[in-house]
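In case you want the letters, here they are:
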Amino acid sequence: MIKKLIRKILGTKSKAARDPNTPVVLGPEGHGIDPRLLSNNAVRVTSTLQEAGYEAFVVGGAVRDLLLGVKPKDFDIATNATPEQVKRLFRRAFIIGKRFQIVHVMFGQDLLEVTTFRGTTSANAPKDEHGRVLRDNTFGSQAEDAERRDFTINAMYYNPANQQVLDYHGGIEDIRAKTLRIIGVPEARYREDPVRMLRVVRFAAKLKFTIEPETGAPIKVMAPLINNVPAARVFDEMLKLLMSGHALACLQQLRKEGLHHGLLPLLDVVLEQPLGFKFVTLALESTDSRIHAGKTVSPGFLFASLLWHQVLEKWTAYRASGEQTIPALHLAADDVLDSQTEKLALQRKIGTDMRDIWSMQPRFERRTGKAPHKLLEHLRFRAGYDFLLLRCASGEIDAEIGDWWTAFYEGDEITREELIASASAPREGGGGGSTGTGGAAKRKRGPRRGGRNRGGRGGEDGNADNAAPVHDGGAE
Ligand code: ATP
Ligand code: MG
């Protein structure tokens, strides 16, 4: 009944009667997009192309966000001009990509991606043995371009010149009903490109949309197909997911859909342990709140957090087999990085950042002599320190060590000398060494902290604010 009414108001045809070659066209009163949310550069690109006689539209996620009243973070443009024709029209334009070429148009720091309409996947496009499409690079019509996009809400075109939205697959209806629906036959679309299953999770969690039942149904069964996708692509999509500002919700959704198994090996195991779960939850909460505050997030910090409890476990095992603390930590880091590189194609720079953050951790225990000053000068101190606070907040190590470093970091020279003196004084119950005890962290001294009587940062029940590490380190 309500659906019928919406269709009537919007003038859209019913799903069965919709012709995928003829779009529903909506004017400003029908879609309600606020033109002020559009970037000047997006308008510059579409109008330049149109003045040269081509068709040009804002497309994909930007139209979806405009319809939701959200300012898009970037703008993709679709056109019937070929990459060569696009390039000629702009001063700073670069053709990129070997197989399917797209054009990057730059205005200062702003980058717009201009893509020529793509044709639909032909039946004889080359595929791997599981049906994943390997190459498929033909140009096509706008209707074909719409059909090969992933979700109905991502397949609309907006023309800033006449403020019309072209909707081929009922995207407007789905936006209004907050429904995530894949275009075409779900099984076939996941087979062609299994990464689309990760995209389902990301958009459902980020937009708080319901996954339409037919779209969601095959995912549990088809999830293992992700293992056949090149690691670099999975990594890119994982990074988008983790940096979406809804990383925690995404991870929960990944687990719900059974998609987390192959992605970060042992992540499921980590999440089963209370301490590991708490650590990952705190790290992702802090990442999400940084993204919402418009701050940068370093992928190295993020992955170092996700994999820390795996490192801890191996570190404990190496020490138990007789290795010294520091070499044992390096061996553990090697193991974890090696196994992840295969799965995730962690870029070398990210791997180096992770190793830096991990290997700094035992150094926080040395609070005498010149050691603390030296550590403060470490290029990645801030990231290491934020990581330390997470460890305290999760209950892995004593909060006292985090508090000490906060005071040291923020204090003047006199305070710092006093802190070093206090740390050097003999303590009841023996020396530091609370790191690396794995899941079963044992406190050497002091009463067990209750959330109740703790103020300040790093409380056990710390919310995103007081537990949030501020990891500027490494964000480029
Ligand atoms: P975000 O705002 O998070 O960037 P987005 O929808 O713009 O979301 P992108 O990854 O930037 O996501 O992709 C741009 C557009 O390209 C999508 O909106 C969709 O139309 C199309 N697209 C991207 N990946 C796929 C895919 N795997 N299969 C089909 N279409 C895709
Ligand atoms: Mg995008």
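These numbers come from a predicted model, not from an experiment.

Looking at this structure, I do not really get the side chain of Thr 116. What am I missing?
Its location among the elements puts Thr 116 in strand β6 (residues 110–116). Looking at Thr 116, the relative accessible area reads 4%, which means it is buried. Within polar-contact distance, the side chain of Thr 116 engages the backbone oxygen of Ala 81 at 2.8 Å.

Looking at this model, I keep getting lost on the packing of aromatic side chains. Mind explaining?
Where two aromatic rings form a pair, the distance of their centres and the angle of their planes describe that pair. Here the structure, examined in full by the defined rule, presents 19 aromatic pairs. Residues Trp 308 and Phe 387 carry aromatic rings whose centres are separated by 5.3 Å and whose planes lie at 85 degrees to one another, so their mutual orientation is edge-to-face. Highlighted residues: Trp 308 in helix α16 (residues 299–320) and Phe 387 in helix α20 (residues 381–393), separated in sequence by 79 residues. Measuring from ring centre to ring centre gives 5.2 Å for Tyr 385 and Tyr 409, while their planes differ by 45 degrees; the resulting arrangement is tilted. Linking Tyr 385 in helix α20 with Tyr 409 in helix α21 (residues 399–410), this pair joins segments that are 24 residues apart in sequence. Judged by its relative accessible area of 28%, Tyr 409 is partly exposed. Ring pairs connect the aromatic residues Phe 364, Phe 381, Tyr 385, Trp 404, Trp 405, Phe 408 and Tyr 409, which therefore count as one cluster. Positioned above the aromatic ring of Phe 203, the side-chain terminus of Arg 202 is 4.6 Å from the ring centre.

Which parts of the structure should I look at to understand the sheet that holds β6?
Paired through their backbone hydrogen bonds, the strands of a sheet run either parallel or antiparallel. One open sheet accounts for eight strands, arranged β1-β8-β7-β2-β3-β6-β5-β4; its pairing is mixed. Edge positions in the sheet fall to β1 (24–26) and β4 (93–96), since each has one partner strand and no second. Here the average twist between neighbouring strands, direction ignored, is 30 degrees. Both β4 and strand β5 (residues 102–107) contribute to a ladder of four bridges, which runs antiparallel. Among the inter-strand pairings, Phe 94 is bridged to a residue of β5, identified as His 104.

Procedures and definitions
- Residues numbered from 1 in each chain as written.
- Chains lettered and ligands numbered in written order.
- Predicted model: local features only at pLDDT ≥ 70, side-chain atom pairs only at ≥ 80, totals over all residues.
- Heavy atoms only, no water.
- Helix = DSSP H or I, 4+ residues; strand = E, 2+ residues; numbered from the N terminus.
- Buried < 20%, exposed > 50% of the residue type's maximum accessible area, 1.4 Å probe, protein only.
- Polar contact = N/O pair within 3.5 Å; in protein donor to acceptor, adjacent residues only side chain to side chain.
- Phe/Tyr/Trp six-rings, centres within 6.5 Å; stacked < 30°, edge-to-face > 60°.
- Lys NZ or Arg CZ within 6 Å of the ring centre and 35° of its normal.
- Pairing = 2+ DSSP bridges.
- Axes fitted to C-alpha atoms, helices over the stretch in contact; angles between N-to-C directions.

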